[in-house]
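Okay, here's what each chain looks like letter by letter:
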Amino acid sequence: MSCLDEPDMDNPLGKPDVPEHVQEAIRTLIGWAGDDPTREGLLDTPKRVARAWLEYCQGYQEDPSIHLSRVFEEVGGYDEVVLLKDIPFQSHCEHHMAPIQGKAAIAYLPRDHVVGISKLARVLHGYARRLQIQERLTAEVAQCIWNHLKPHGVAVVIEAQHGCMTGRGVRTPGVGMITSRMMGTFLEDERSRKEVLSLMGY
Ligand SMILES: Nc1nc2c(ncn2[C@@H]2O[C@H](COP(=O)(O)OP(=O)(O)OP(=O)(O)O)[C@@H](O)[C@H]2O)c(=O)[nH]1
Ligand SMILES: [Zn+2]
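What counts, and where the lines are drawn
- Residues numbered from 1 in each chain as written.
- Chains lettered and ligands numbered in written order.
- Predicted model: local features only at pLDDT ≥ 70, side-chain atom pairs only at ≥ 80, totals over all residues.
- Helix = DSSP H or I, 4+ residues; strand = E, 2+ residues; numbered from the N terminus.
- Rg over C-alpha atoms; globule rule 2.2 N^0.38 Å.
- Domains from an automatic or database assignment.
- UniProt positions renumbered as here; feature names shortened; annotations may be inferred.
- Core = buried A, V, L, I, M, F, W, Y, C linked by C-beta atoms within 7 Å.
- Buried ≥ 20, exposed ≤ 12 C-beta atoms within 10 Å, placed from the backbone.
- Contact = placed C-beta atoms within 7 Å.
- Near = placed C-beta within 6 Å.
- Nonpolar A, V, L, I, M, F, W, Y, C, P; charged D, E, K, R; others polar.
- pLDDT = per-residue confidence, 0-100.
- Expected span 1.5 Å × (residues − 1).

A. How the structure looks around the overall build of the protein chain. For the protein chain, the count of helices and strands is seven helices and seven strands. Sequence-ordered secondary structure for the protein chain, helices as α and strands as β, is α-α-β-β-β-β-α-β-α-β-α-β-α-α. Here the C-alpha atoms of the protein chain give a radius of gyration of 21 Å, more than 25% beyond the 17 Å that 2.2 N^0.38 yields for 202 residues. Expressed as lengths along the three principal axes of its C-alpha atoms, the size of the protein chain is roughly 65 × 55 × 20 Å.

Written out as structure tokens, the structure reads:
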């Protein structure tokens, strides 16, 4: 829409349309959970929920490896670990569709080029914004970097809290899950692995 076009007064911000069957599914869930989906405060909720889920699952609309396509060859001979740590992320577990909130540390040992550091976080979010289990998220991030940067080594450690364990079910707040994936030098060489884990703060 150009800025000269008349805005759609029902949807002035151009939010994505939500098909009726999707709204109906959310109304069904609201009713089944015990509330009345036709009461005033819940009338727009199905659309909001659907759009929120589009956002939580935005990763399905992208191939995260695209972020690794631009590399920098000029690295001044730098061949040590590159690490981005404490990257906060949000995902949703595929079992309960409950939030997973945590932080990731992503490291690689460059071969002859590096990537813009923000791209490591973009790769993480591309896989996190899907329905996930933490183990697969960790493995997918590591594999993507391994395949596309072809570095000497990759290390990914993710520490997260699962809403399905804190807000429901076993209801154990404060519990953290840690997963790691080591590839190449970090898998094969104990000294390199210890070094990267120590840089990550483990
Ligand atoms: N390994 C793994 N398990 C997860 C992850 N996210 C959630 N879970 C677990 O998935 C399991 C699903 O177990 P089920 O017995 O099928 O489901 P449930 O009856 O809702 O289980 P409870 O959560 O124990 O109430 C639970 O133990 C969750 O804690 C994850 O990222 N990785
Ligand atoms: Zn869960």
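Don't stop here, the text continues.
B. Expanded view of the domain arrangement of the protein chain. Partitioning the protein chain into structural domains gives domain 1 (20-56) and domain 2 (72-200). Using only C-alpha atoms to locate each centre, domain 1 and domain 2 end up separated by 34 Å.

C. The arrangement of the UniProt feature "domain: GTP cyclohydrolase I" (unreviewed entry) in the protein chain in detail. With numbering matched to this structure, UniProt assigns "domain: GTP cyclohydrolase I" (unreviewed entry) to residues 23-200. Across residues 23-200, helical content stands at 39% and strand content at 26%; the span's end C-alpha atoms are separated by 44 Å.

D. Representation of the nonpolar core in the model. Counting residues in each nonpolar core, the largest one holds 31 residues, and the members touching the most others are Val141 and Val156. Contributions of two or more residues to this core are made by β3 (99-109), α3 (118-128), α4 (134-149), β6 (153-162), β7 (177-184) and α7 (190-200). With seven residues, the top contributor of residues to this core is β3. Excluding residues within four positions of it along the chain, Val141 makes contact with Ile106, Val123, Leu124, Tyr127 and Val156.

E. Broad picture of the site of ligand 1. Taken together, the residues surrounding ligand 1 are Cys93, His95, Ile133, Gln134, Glu135, His162, Cys164, Met165, Gly169 and Val170. Taken together, the elements giving at least two residues each to the shell around ligand 1 come down to α4 and α5 (163-166). Residue composition of the shell around ligand 1, by class: five nonpolar, four polar and one charged.

F. Quick look at the confidence of the model for the protein chain. Per-residue confidence for the protein chain averages 94 on the pLDDT scale, and 97% of its residues sit at or above 70. Across the interface, the model reports ipTM at 0.95; the global pTM reads 0.93.

G. Representation of α4 in the model. Its 16 residues give α4 an end-to-end C-alpha distance of 23 Å, which sits within 8% of 22 Å, the value for a rise of 1.5 Å per residue. Of the residues making up α4, those classed as buried are Leu137, Thr138, Glu140, Val141, Ala142, Cys144, Ile145 and Leu149. One or two residues past the end of α4 sits Lys150, with phi positive at roughly 45°.

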